[in-house]
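What the coordinates show
Residue strings, one per chain:
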Amino acid sequence: ELSAEIGAVASALRLRPERNEMEAALAEKATVAQLRALLPDTSPAAAAADAASNALAAASRALSLCESTRRELRQAMNNLEAACGDSVAQIQARLSSQPDASAAALQASNTAADAMRALAGKADIDEVNASLMQVNRELSLRPTLSELNRVVSEQSLLMESLCAEHLLGRWLWKTGKTKSIPGGRSGGAVPWNVQTVNTNPANFLWERDRSSVTCVAPGLYEVSFGFFSRKKPTVQLLVNGEPVLSAVNSASYAVHHSSGRLAAVGPHSAGNVTGLTLFDFVALPPNAKVACTYQGEDGAEGFLGLRKM
């Protein structure tokens, strides 16, 4: 409505006569009146002057009307400017009183635009279906739960059997010196200086430089030992301080049904590459202390191995 009213006022202002045009018309009216006074009443020029005078009078009245209309238009323009100023002030006051609502609306608009852009970049139905088909193909190649349980059970049995076959320990004698044995028994107790393997420390109890290894669990054990020196020694295996196996430097190889071996083929250029070894089986009681005695030259080395059957 304000725009239409402003347009009507502007059109009316464009149709009004300019000020210089009105002043020229007034001057022309004065000139015509002077000419008419000089002419006789019966001459054609007098008639033309009268007509011109009447026209100028009409123009003067129109000029007065235009002046009045101009004042009215100016007043209307002032009123319109005041109304526009009041309307603008009201709109500004209304916007300033609702900043949160405007900001929320703007933010909602931005969020909606962002959401539309994000949705435009998402996969369509065909792409999702293709991905699901690929996942289904991959899943079809996987084993079922029953197959997986069967494999795990078989693997567990295999691991248990392997662990049962590998409950063993092995210790080395590296110093070449023995410890004295109480009771005056010949030879010396072999101290086990280094532990190389112990797959069950709870069963095979070993301490550095001690002459015995404790086997906690009773049962059948595989025992092996070997000693390396320039001259073949005499070795005994003790269980709880009592000898149970002996390996001596004689043609009988071993005493007490041993499967040990005495290698006496002759010296080797690399030194002591063979030694006095023994491999046998013993049934041990609970917490059995297994030890070896050595009788021979100093500087020898040896090992002791035990495996739970």
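Predicted model, so just to flag it, every value in this text is computed and none were measured. (Residues numbered from 1 in each chain as written. Predicted model: local features only at pLDDT ≥ 70, side-chain atom pairs only at ≥ 80, totals over all residues. Heavy atoms only, no water.)

Another aspect to go through is the pattern of salt bridges. Tallied over the full model, the rule gives five salt bridges. Residue Arg-142 is joined to Glu-138 by a salt bridge in which the shortest nitrogen-to-oxygen separation is 4.0 Å. For the salt bridge of Arg-150 with Glu-154, the shortest nitrogen-to-oxygen distance reads 3.4 Å. Separated by four residues within a single helix, Arg-150 and Glu-154 lie in helix α6 (residues 145–165), roughly one turn from each other. The exposure class assigned to Arg-150 is partly exposed, which follows from its relative accessible area of 46%. (Salt bridge = Lys/Arg side-chain N within 4 Å of Asp/Glu carboxyl O. Helix = DSSP H or I, 4+ residues; strand = E, 2+ residues; numbered from the N terminus. Buried < 20%, exposed > 50% of the residue type's maximum accessible area, 1.4 Å probe, protein only.)

With that settled, consider the side chain of Ser-212. By secondary structure assignment, the location of Ser-212 is in strand β5 (residues 212–215). The class for Ser-212 is buried, based on a relative accessible area of 14%. Once residues lying within four places of it in the same chain are set aside, the contact partners of Ser-212 are Trp-192, Lys-289, Val-290 and Ala-291. (Contact = heavy atoms within 4.5 Å.)

Time to look at the packing of aromatic side chains. Going through the model one piece at a time under the given rule, you end up with eight aromatic pairs. Over the aromatic face of Tyr-221 sits the side chain of Lys-308, whose NZ or CZ is 5.6 Å from the ring centroid. (Phe/Tyr/Trp six-rings, centres within 6.5 Å; stacked < 30°, edge-to-face > 60°. Lys NZ or Arg CZ within 6 Å of the ring centre and 35° of its normal.)

It is worth spelling out the pairing of strand β7 (residues 234–239) at this point. Strand direction decides the pairing type here: β7 and strand β11 (residues 288–295), joined by six bridges, are antiparallel. Along β11, the bridge assignment pairs Leu-238 with Ala-291. Where β7 meets strand β8 (residues 242–247), five bridges bridge the pair, whose relative direction is antiparallel. Paired with Val-239 across the strands is Glu-242, a residue of β8. Between the end of β7 and the start of β8, which pair antiparallel, lie two residues, with Asn-240 showing a positive phi angle near 55 degrees. (Pairing = 2+ DSSP bridges.)

Moving on to the nonpolar core. Formed by 28 residues in total, the largest nonpolar core has its most connected members in Trp-192, Phe-225, Phe-227 and Leu-304. Taken together, the elements giving at least two residues each to this core come down to β1 (168–173), β5, β6 (219–228), β7, β8, β10 (276–284), β11 and β12 (301–308). Once residues lying within four places of it in the same chain are set aside, the contact partners of Phe-225 are Val-235, Leu-237, Ala-247, Leu-276, Thr-277, Leu-278, Cys-292, Phe-303 and Leu-304. (Core = buried A, V, L, I, M, F, W, Y, C linked by side-chain atoms within 4.5 Å.)

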